[in-house]
Amino acid sequence: GQNIDQPTEMTATEGAIVQINCTYQTSGFNGLFWYQQHAGEAPTFLSYNVLDGLEEKGRFSSFLSRSKGYSYLLLKELQMKDSASYLCAVRGRDGGATNKLIFGTGTLLAVQP
Amino acid sequence: DAGVIQSPRHEVTEMGQEVTLRCKPISGHNSLFWYRQTMMRGLELLIYFNNNVPIDDSGMPEDRFSAKMPNASFSTLKIQPSEPRDSAVYFCASSLPWAGGRDTQYFGPGTRLTVL
């Protein structure tokens, strides 16, 4: 089966650091994506991991451990505009070339002053 | 680049009516995805196309839903007849074909469907 777990909600303070975790169980693995979605808007791409380790992009970093089926998104120097839902998505491998993604239900992050 | 274009942005209809949602993918993208998002179930893939051909429609809830992609620049998702439980935001996304790399999916603004 396919299962992706993320915390439903998190709260953090402006200027702080927050880590959003994602665990997954999928039939095969071919990359993990993080998307950001502001209320009433479309998801937008944040990061991609296919190998173990940390990918850094400005204030955002994403980590992957394939052996543990685990990823996290790290947001530094939080700003009020970072208040949004963060979606973890996994591309499985179903025997052929596919770019089908399975999304978690998302983590709603509230940044407080 | 105009991005993925969806229409209408909002649709309110009555139960039993036919609803047609439209999508224009980013030029040059030949993979297209239809998703449905609700509070309870999150973002669910309904169907996706590669080179205008449906590859996986296992997420289509039932026969009331159908999707077509007559050419590389246009796709429709039709619900007939519509029911109140179909109320959701429907997103279309497009990407370059998978090549083991970062074929990011780009999402359209979505269509908010309300079935009364």
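Further up the page is the structure itself.
Residues numbered from 1 in each chain as written. Chains lettered and ligands numbered in written order. Predicted model: local features only at pLDDT ≥ 70, side-chain atom pairs only at ≥ 80, totals over all residues. Heavy atoms only, no water.

Participant: Any chance you could break down the overall build of chain B for me, citing the residues and the numbers?
Facilitator: When helices and strands are tallied, chain B shows zero helices and 11 strands. Mapped from its N terminus to its C terminus, chain B presents α and β elements in the order β-β-β-β-β-β-β-β-β-β-β. In terms of overall dimensions, chain B is globule-like: its C-alpha atoms have a radius of gyration of 14 Å, near the 13 Å expected for 116 residues. Seen through its principal axes, chain B has C-alpha atoms that stretch 40 × 30 × 30 Å. Out of the 116 residues in chain B, the part that is buried amounts to 47%. By sequence separation, contacts in chain B at least 24 residues apart represent 55% of the contacts at least 6 residues apart. Counting every atom, chain B has about 5800 Å² of accessible surface; 51% of that belongs to carbon and sulfur. (Helix = DSSP H or I, 4+ residues; strand = E, 2+ residues; numbered from the N terminus. Rg over C-alpha atoms; globule rule 2.2 N^0.38 Å. Buried < 20%, exposed > 50% of the residue type's maximum accessible area, 1.4 Å probe, protein only. Contact = heavy atoms within 4.5 Å. Areas by Shrake-Rupley, 256 points an atom, 1.4 Å probe, with all protein chains shown as cover.)

Participant: Can you explain the pairing of strand 8 (residues 70-75) of chain A? Please cite residues and give values.
Facilitator: Along a regular strand, successive side chains alternate from one face of the sheet to the other. Residues and elements named next belong to chain A. Where burial is concerned, most of strand 8 is hidden: five out of the six residues are buried. Two elements, strand 3 (residues 18-25) and strand 8, share six bridges in a ladder whose sense is antiparallel. Bridging from a neighbouring strand, Cys22 pairs with Ser71 of strand 8. As judged from the six bridges shared by strand 7 (residues 60-65) and strand 8, these two strands associate in the antiparallel manner. In the strand pairing of strand 8, Phe63 is matched with Tyr72. The loop that links strand 7 with its antiparallel partner strand 8 comprises four residues; one of these, Gly69, has a positive phi angle of about 60°. (Pairing = 2+ DSSP bridges.)

Participant: Report on the sheet that holds strand 3 of chain A, specifying residues and quantitative values.
Facilitator: Residue and element names in this part refer to chain A. Pairing in this open sheet of five strands is antiparallel, and the strands run 1-3-8-7-6 from one edge to the other. A single partner strand is all that each edge strand has here, and the edge strands are strand 1 (3-5) and strand 6 (53-57). Mean inter-strand twist for the sheet, computed between neighbouring axes without regard to direction, equals 15°. Looking at chain direction, strand 1 and strand 3 are connected through three bridges and run antiparallel. Along strand 3, the bridge assignment pairs Ile4 with Tyr24. (Axes fitted to C-alpha atoms, helices over the stretch in contact; angles between N-to-C directions.)

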